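Here's the letter readout for the chains.
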Amino acid sequence: MPTANARAVGNLTSNEQKLYGMIGRQYIAQFYPKFEYKEKQIDTIVEGGCFVSKQKEITQKGWKSLFESSSANSNAKTNAKTNVDTDDQEWATSELPQVTVGQQVHCQRGELVEKMTSPPKPFNDASLLSALTGVARFVTDPAIKNCCGIPMD
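Residues numbered from 1 in each chain as written. Predicted model: local features only at pLDDT ≥ 70, side-chain atom pairs only at ≥ 80, totals over all residues. Heavy atoms only, no water.

## Observations regarding the overall build of the chain
Along its length, the chain carries six helices and two strands. Starting at the N terminus and ending at the C terminus, the chain contains elements arranged as α-α-β-β-α-α-α-α. By the burial criterion, 11% of the 153 residues in the chain qualify as buried. Approximately 13,500 Å² of the chain is accessible, and the part contributed by carbon and sulfur atoms is 54%. (Helix = DSSP H or I, 4+ residues; strand = E, 2+ residues; numbered from the N terminus. Buried < 20%, exposed > 50% of the residue type's maximum accessible area, 1.4 Å probe, protein only. Areas by Shrake-Rupley, 256 points an atom, 1.4 Å probe, with all protein chains shown as cover.)

## Details of a nonpolar patch on the surface
On the surface, Leu-19, Met-22 and Ile-23 cluster together to form a nonpolar patch covering roughly 270 Å² of accessible area. You can see Met-22 is positioned in helix α2 (residues 14-29). (Patch = residues over 30% accessible without salt bridge, like charges linked within 9 Å, V, L, I, M, F, W, Y side chains within 5 Å. Salt bridge = Lys/Arg side-chain N within 4 Å of Asp/Glu carboxyl O.)

## Quick notes on the confidence of the model for the chain
Taken over all residues, the pLDDT of the chain has a mean of 77, while the share at 70 or more is 75%. In the model, residues 71-89 has pLDDT below 50 throughout and makes 15 contacts with residues more than four positions away in sequence or in other chains. (pLDDT = per-residue confidence, 0-100. Contact = heavy atoms within 4.5 Å.)

## Here's the deal with the pattern of salt bridges
Taken as a whole and assessed by the stated rule, the structure comprises two salt bridges. A salt bridge links Lys-40 to Glu-57; the nearest nitrogen and oxygen atoms lie 2.8 Å apart. Of this pair, Lys-40 sits in strand β1 (residues 36-46) while Glu-57 sits in strand β2 (residues 49-60), and the two are 17 residues apart along the sequence. When its relative accessible area of 22% is taken as the criterion, Lys-40 is described as partly exposed. Here Glu-95 and Lys-40 are joined by a salt bridge, their closest N and O atoms 3.8 Å apart.

## Concerning helix α5 (residues 125-133)
Across the nine residues of α5, zero count as buried, placing the element largely on the outside. Two or three places before Ala-126, at the opening of α5, Asn-124 has a side-chain oxygen 3.0 Å from that residue's backbone nitrogen. (Polar contact = N/O pair within 3.5 Å; in protein donor to acceptor, adjacent residues only side chain to side chain.)

## As for the layout of surface pockets
The space that makes up the largest pocket amounts to roughly 1,700 Å³. The wall of the largest pocket is formed by 35 residues, among which Phe-51, Val-52, Ser-53, Lys-54 and Leu-96 lie closest to the centre. Residue assignment for the lining of the largest pocket shows that the elements contributing at least two residues are β1 and β2. The element best represented in the lining of the largest pocket is β1, accounting for eight residues. Here the lining of the largest pocket is built from residues that sort into 13 nonpolar, twelve polar and ten charged. (1 Å grid on protein atoms, 1.4 Å probe; cavity = no way out; pocket = protein on both sides within 12 Å on 5 of 7 lines; lining within 4 Å. Points joined across faces, edges and corners; volume = space filled by probe spheres on them. Nonpolar A, V, L, I, M, F, W, Y, C, P; charged D, E, K, R; others polar.)

Structure representation (structure tokens):
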């Protein structure tokens, strides 16, 4: 737990002071309000294809406001380690338009993006334990669920 002992902090090297500041910021973050956002999505059918527009809008910065100054000066790798989102596409700068269900719209611009899938991450201790304790969610046969005493959904 960081303390306000200025004498001890003054004796630290520059790198130690930076580390102390990072630890202090992480400690203080637990007392800040939650980070809150709204997710918006518009599904549009164009020539039989479904196009999805998504947006995340920050409603309350909360604890993430503590990390804004460090994210401006650091690269994305460092930000990923401090749980600060830097993906420009995830946090849109412009808002999605207000539409209603069934409203006709005009497609102004289309973009085809090719991506490659990635294999699942290997299990670590925590993910393996989670998978083993939640294996019942993968059982779909009602006879097996009934036989083993697994509660039906």
